[in-house]
Amino acid sequence: MRIVAGRHKGRVLLAPVGRNTRPTADRAREALFNILAHDEPPLEGASVLDAFAGSGALGFEALSRGAERVTFLETDGSAFSVICANAKKMGVEKQVSIQRIDATRPPKAARPCRFVLMDPPYKSGLAAPALQALNAQGWIAPDAMIVVEVAAGEAFAPPIDGLVIVDERKYGAARLVFLRFALCLEDSSAPAPVDR
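Residues numbered from 1 in each chain as written. Predicted model: local features only at pLDDT ≥ 70, side-chain atom pairs only at ≥ 80, totals over all residues. Heavy atoms only, no water.

A short note on the pairing of strand 3 (residues 96–99)
Okay, step 1: As defined by bridge partners, strand 2 (residues 69–73) adjoins strand 3 across four bridges and the pair is classed as parallel. Of the residues in strand 3, the one forming a bridge with L73 is Q99.
Okay, step 2: What joins strand 2 to strand 3 is helix 3 (residues 77–90), and the crossover it makes is right-handed. (Pairing = 2+ DSSP bridges. Helix = DSSP H or I, 4+ residues; strand = E, 2+ residues; numbered from the N terminus. Right-handed = clockwise from strand over helix to strand, strands pointing away.)

What about unusual backbone geometry?
Both trends apply: most residues other than glycine have a negative phi, and most peptide bonds are in trans.
Okay, step 1: Phi at F52 takes a positive value of approximately 55°, unusual for a residue other than glycine.
Okay, step 2: Examined against the element boundaries, F52 turns out to sit in the loop between strand 1 (47–51) and helix 2 (57–64).
Okay, step 3: The exposure class assigned to F52 is buried, which follows from its relative accessible area of 14%.
Okay, step 4: Phi angles above zero are rare outside glycine, and K123 is one such case at about 60°.
Okay, step 5: Secondary-structure assignment places K123 in the loop between strand 4 (113–118) and helix 4 (127–136). (Buried < 20%, exposed > 50% of the residue type's maximum accessible area, 1.4 Å probe, protein only.)

A short note on the sheet that holds strand 5 (residues 140–151)
Across a sheet, paired strands are connected by hydrogen bonds in the backbone, their directions being either parallel or antiparallel.
Okay, step 1: Read from one edge of the open sheet, seven strands run 3-2-1-4-5-7-6, paired in mixed fashion. Two strands bound the open sheet, and with one partner strand each, they are strand 3 and strand 6 (163–171). For this sheet the average axis-to-axis angle between neighbouring strands, irrespective of direction, equals 15°.
Okay, step 2: Sheet topology places strand 5 next to strand 7 (residues 174–181); six bridges connect them, and they run antiparallel. Paired with V148 across the strands is V177, a residue of strand 7.
Okay, step 3: Sheet strands touched by helix 2: strand 1, strand 2, strand 3 and strand 4. Its angle to strand 2, the strand with the most contacts, is close to 180°. (Axes fitted to C-alpha atoms, helices over the stretch in contact; angles between N-to-C directions. Contact = heavy atoms within 4.5 Å.)

A word on the nonpolar core
Okay, step 1: Judged by nonpolar contacts, the single largest core of 33 residues is most densely connected at L32, F33, L36, V48, F60, V147 and F178.
Okay, step 2: At the level of secondary structure, the elements contributing two or more residues to this core comprise helix 1 (26–37), helix 2, strand 2, helix 3, strand 4, strand 5, strand 6 and strand 7.
Okay, step 3: Of the residues forming this core, the biggest block, six residues, is contributed by helix 1.
Okay, step 4: Setting aside its immediate chain neighbours within four residues, F60 contacts I3, L13, S55, F72, I83, N86, A87, M90, V92 and V96.
Okay, step 5: Counting residues in each nonpolar core, the second largest holds 27 residues, with L73, M118, V148 and L163 among its members. (Core = buried A, V, L, I, M, F, W, Y, C linked by side-chain atoms within 4.5 Å.)

Focus on the packing of helix 1 against helix 2
Okay, step 1: Relative to each other, helix 1 and helix 2 sit at 45°, their axes nearing to 11 Å. As far as their axial angle goes, helix 2 and helix 1 are oblique. Like other packed secondary-structure pairs, helix 1 and helix 2 cross with a definite hand, here right-handed. From helix 1, R29, L32 and F33 reach across to helix 2, where they touch A57, L58, E61 and A62.
Okay, step 2: A breakdown of the residues in the contact of helix 1 with helix 2 according to their chemical character gives five nonpolar, no polar and two charged. (Parallel < 35°, antiparallel > 145°, perpendicular 65-115°, else oblique. Left-handed = near helix turned anticlockwise from the far one by under 90°. Nonpolar A, V, L, I, M, F, W, Y, C, P; charged D, E, K, R; others polar.)

Geometric descriptors of this kind do not, in isolation, establish any biological role.
See below:
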């Protein structure tokens, strides 16, 4: 597993051993960040939340592409250790906060994030309650771009009033669901959903 683009392009990331985590495939990760690079808000200088972080590949890719800070939330001990090791290996310890926290029961956020990246276990049903809890605790900025990875055929609907799906993309066994708050879309010049 490698960083796809940016200042850390080509750097190899460690991955947790076992089946408790499932890193986002390189192809899906590359496609995700190519989409984010041409959308609003800009990733450059942004604060990012990587929930159900696993190896931390999504968050580290965001850092490589210009994000200012990433918070990783992960409960699995092996995955937590791997994220810490990857941060040290990449020399980005000062830009990250790695917390052994359940994304469905987070503490109050120190600051809201402009990007929320979530990759819960497929068919776990955890994405909806995590989004509700993170929003209630102030983790999600009003203009945030939220991306949830679910299984290709897995049902998912926005669990928060005013949160709408603006795009969906399938990559093999994965489906990326892009969400924004409708009020933000109405009050800004945010682009229309991309044709699939």
